[in-house]
Amino acid sequence: MTGTPYLLSIDHLLSEEERLVWKSARDFCERRIAPVIEKHYEHATFPRDLIPEFAEMGFLGATLQGYGCAGMGPVAYGLTMIELERQDSGIRSFCSVQSALAMYPIHAFGDEAQRERWLPGMARGEVIGAFGLTEPNSGSDPGSMRTHARQHEAGGDYVLSGQKFWITNSPIADVMIVWARTLEHGSDTPVVRGFLVERGMAGLSTPETKGKLSLRASMTGEIVLDEVKVPKANLLPGVSGLKGPLSCLTQARYGIGWGTMGAAEACFAAARSYTLDRKQFGRPLAATQLVQLKLANMVTEISLGLQAALRVGRRLEAGHLIPESISLLKRNNCGKALDIARVARDMHGGNGISAEYQVMRHAQNLETVNTYEGTHDVHALILGRAITGIPAF
């Protein structure tokens, strides 16, 4: 399927349906995203006109059952993430946020009225979602969030104040899943709860983040809440505490573990093609030992990364959700993909900074992907805690 010489291909380990999903996603991304992505990256715009087509392909809420969602298995979903990120991490980020961070918590923690109200429109791409957890002073430490909600009357509505930062989709979002330290009426102990904050509520603003040098084809902004009155009906009733937002992040990190291999494959393919065509000192660059070593290292890491993603996906299919295994997947595949992108840029020499060759764009994007939803080092500490039983943070 991949068309690249992976010694540990996963193609033969996939079902016929999964292979068809993969091919369909590849064909769509090459036909509709590839021709426009450089322009959008250069101008820091997001191709909003493609959202209905993402919906038609089943990319939005892909793994959810019902409400117009595709109901894909975890592996099929992962294969679509490969193809989206093969084109650009920002495009995959849009679909990841819509699916894993906005639709998933409504599906998992919302009541039936909330599911019926929001999910069908989100699956059709008519309603855009965002996920508000990160704050200016609490990134890797969400427990220190300052955004707060207070219920002034028993059984009454809530008033939210605070600021969320680095929020994908917020400038265009119709509904935002905002996590806040919440005081129920009569309680002195705040607990983290999730709220459905809607565009147009008084006191809500979502300014766009400017000056990004990475993920430029993704819409990023803030969620600013100034005494925003949120109806009780917009409280997610099915979860309390940090396990709510962290479980959403687990869903998203799984997709990232697959997606980054798409960016890595794109960089490998570019480096292989370039070094076969480029002649220096009377022979192709690919004829040199150093270049072949770099290509061999790339193939090794991509092959192992795909095997790891497939293994985690099959465990999810069997109902074995182990967050630490997803931390391992996200940390390893992001880090390896970033390494591959950096080396591929170097292998292109001066041409490596040209948009035409794409590797610099992938390298810049992966700098962000390696950081968001748990940095490389924080996931190392999650694994360290699992190994030793001792939390180091």
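Here goes a summary of the coordinates provided. (Residues numbered from 1 in each chain as written. Predicted model: local features only at pLDDT ≥ 70, side-chain atom pairs only at ≥ 80, totals over all residues. Heavy atoms only, no water.)

**Examining the overall build of the protein**
So, step 1. Assigned secondary structure in the protein consists of 11 helices and 9 strands.
So, step 2. Relative to its length of 393 residues, the protein is compact, with a C-alpha radius of gyration of 21 Å against a globular reference of 21 Å.
So, step 3. Reported as C-alpha extents along the three principal axes, the dimensions of the protein are approximately 80 × 45 × 40 Å.
So, step 4. A buried classification covers 52% of the 393 residues belonging to the protein.
So, step 5. Nonlocal contacts in the protein, meaning residues at least 24 apart in sequence, comprise 75% of its contacts between residues at least 6 apart.
So, step 6. Summing over all exposed atoms, the protein offers an accessible surface of approximately 16700 Å²; the carbon and sulfur share of this is 53%.
So, step 7. For the protein, the separation between the mean place of its 40 positive charges and that of its 41 negative charges on side chains is 4 Å. (Helix = DSSP H or I, 4+ residues; strand = E, 2+ residues; numbered from the N terminus. Rg over C-alpha atoms; globule rule 2.2 N^0.38 Å. Buried < 20%, exposed > 50% of the residue type's maximum accessible area, 1.4 Å probe, protein only. Contact = heavy atoms within 4.5 Å. Areas by Shrake-Rupley, 256 points an atom, 1.4 Å probe, with all protein chains shown as cover. Lys, Arg positive; Asp, Glu negative; His and termini not counted. Charge placed at Lys NZ, Arg CZ, Asp CG, Glu CD.)

**Points about unusual backbone geometry**
So, step 1. With a phi close to 55 degrees, A44 is a non-glycine residue in the positive phi region.
So, step 2. Residue position: A44 is located in the loop between α2 (37-43) and α3 (51-56).
So, step 3. Within the chain, E227 stands out as a residue other than glycine whose phi angle is a positive 55 degrees.
So, step 4. Take E227: it is sitting in strand β7 (residues 220-230).

**Quick look at helix α6 (residues 112-123)**
So, step 1. Taking 1.5 Å per residue, 12 residues should reach 16 Å; α6 reaches 16 Å between its end C-alpha atoms and fits that length.
So, step 2. Residues of α6 that are buried include every one of Q114, R115, W118, L119, P120, G121, M122 and A123, and no others.
So, step 3. The inward-facing, buried residues of α6 contact α3, α5 (89-109), β1 (129-132), β4 (175-183) and β5 (191-198).
So, step 4. The N-terminus of α6 is capped by D111, whose side-chain oxygen sits 3.2 Å from the backbone nitrogen of A113.
So, step 5. Downstream of α6 by one or two residues, G125 has phi in the positive range, about 80 degrees. (Expected span 1.5 Å × (residues − 1). Polar contact = N/O pair within 3.5 Å; in protein donor to acceptor, adjacent residues only side chain to side chain.)

**Topic: the environment of H148**
So, step 1. Within the secondary structure layout, H148 lies in strand β2 (residues 148-151).
So, step 2. On the accessibility criterion, H148 (40% relative accessible area) is partly exposed.
So, step 3. On a C-alpha basis, the gap between H148 and G125 in space is 30 Å, while along the polypeptide they are 23 residues apart.
So, step 4. If we ignore the near neighbours within four places in the chain, the residues touching H148 are V159, L160, S161, A180 and R181.
So, step 5. For H148, the side chain forms a polar contact with the main-chain oxygen of R146, separated by 3.2 Å.

**Comments concerning the pairing of β5**
On a regular strand, one side chain projects to one face of the sheet and the next to the other, so that they alternate.
So, step 1. The buried fraction of β5 amounts to 7 of the 8 residues, a majority that puts the element mostly inside the structure.
So, step 2. Two strands pair when backbone bridges link them, and β4 and β5 are joined in this way by 8 bridges, in the antiparallel orientation. For R181, the partnering residue across the bridge sits in β5 and is V192. (Pairing = 2+ DSSP bridges.)

**Observations regarding the pairing of β1**
So, step 1. Residue alternation in β1 divides its side chains into two sets, G129 and F131 and A130 and G132, and both sets are buried.
So, step 2. Pairing of β1 with β4, which is carried by 4 bridges, proceeds in the parallel orientation. Looking at the pairing, F131 lines up with I177 of β4.

**Observations concerning the packing of aromatic side chains**
So, step 1. The final tally for this structure, using the stated rule, is 11 aromatic pairs.
So, step 2. Ring centres 6.4 Å apart and planes at 45 degrees place the aromatic pair F54 and F59 in the tilted group. Taken as a pair, F54 and F59 share a single burial class, namely buried.
So, step 3. Between Y274 and Y357, the aromatic rings sit 5.5 Å apart at their centres with planes inclined by 85 degrees, giving edge-to-face as the arrangement. Of this pair, Y274 sits in helix α7 (residues 243-277) while Y357 sits in the loop between α9 (323-347) and α10 (359-369), and the two are 83 residues apart along the sequence.
So, step 4. Looking at Y274, the relative accessible area reads 10%, which means it is buried.
So, step 5. Overall, the relative accessible area of 25% leaves Y357 in the partly exposed class. (Phe/Tyr/Trp six-rings, centres within 6.5 Å; stacked < 30°, edge-to-face > 60°.)

**Things to note about the environment of S15**
So, step 1. Here S15 lies in the segment before α1 (16-33).
So, step 2. Note on S15: relative accessible area 33%, which makes it partly exposed.

**With respect to the packing of helix α4 (residues 74-87) against helix α8 (residues 289-317)**
So, step 1. Orientation of α4 relative to α8, taken along the N-to-C sense of each, is 145 degrees, at an axis distance of 8 Å. Where α4 approaches α8, its residues P74, V75 and I82 are matched on the opposing element by L306, L310, G313, R314, L316 and E317. (Axes fitted to C-alpha atoms, helices over the stretch in contact; angles between N-to-C directions.)

**Observations concerning the state of the cysteines**
So, step 1. Per the stated rule, a full pass over the model turns up 0 disulfides.
So, step 2. In this model C95 remains outside any disulfide bridge; the closest cysteine sulfur is found in C29, 8.3 Å from its own.
So, step 3. By relative accessible area, C95 is classed as buried at 0%. (Disulfide = S-S within 2.5 Å.)

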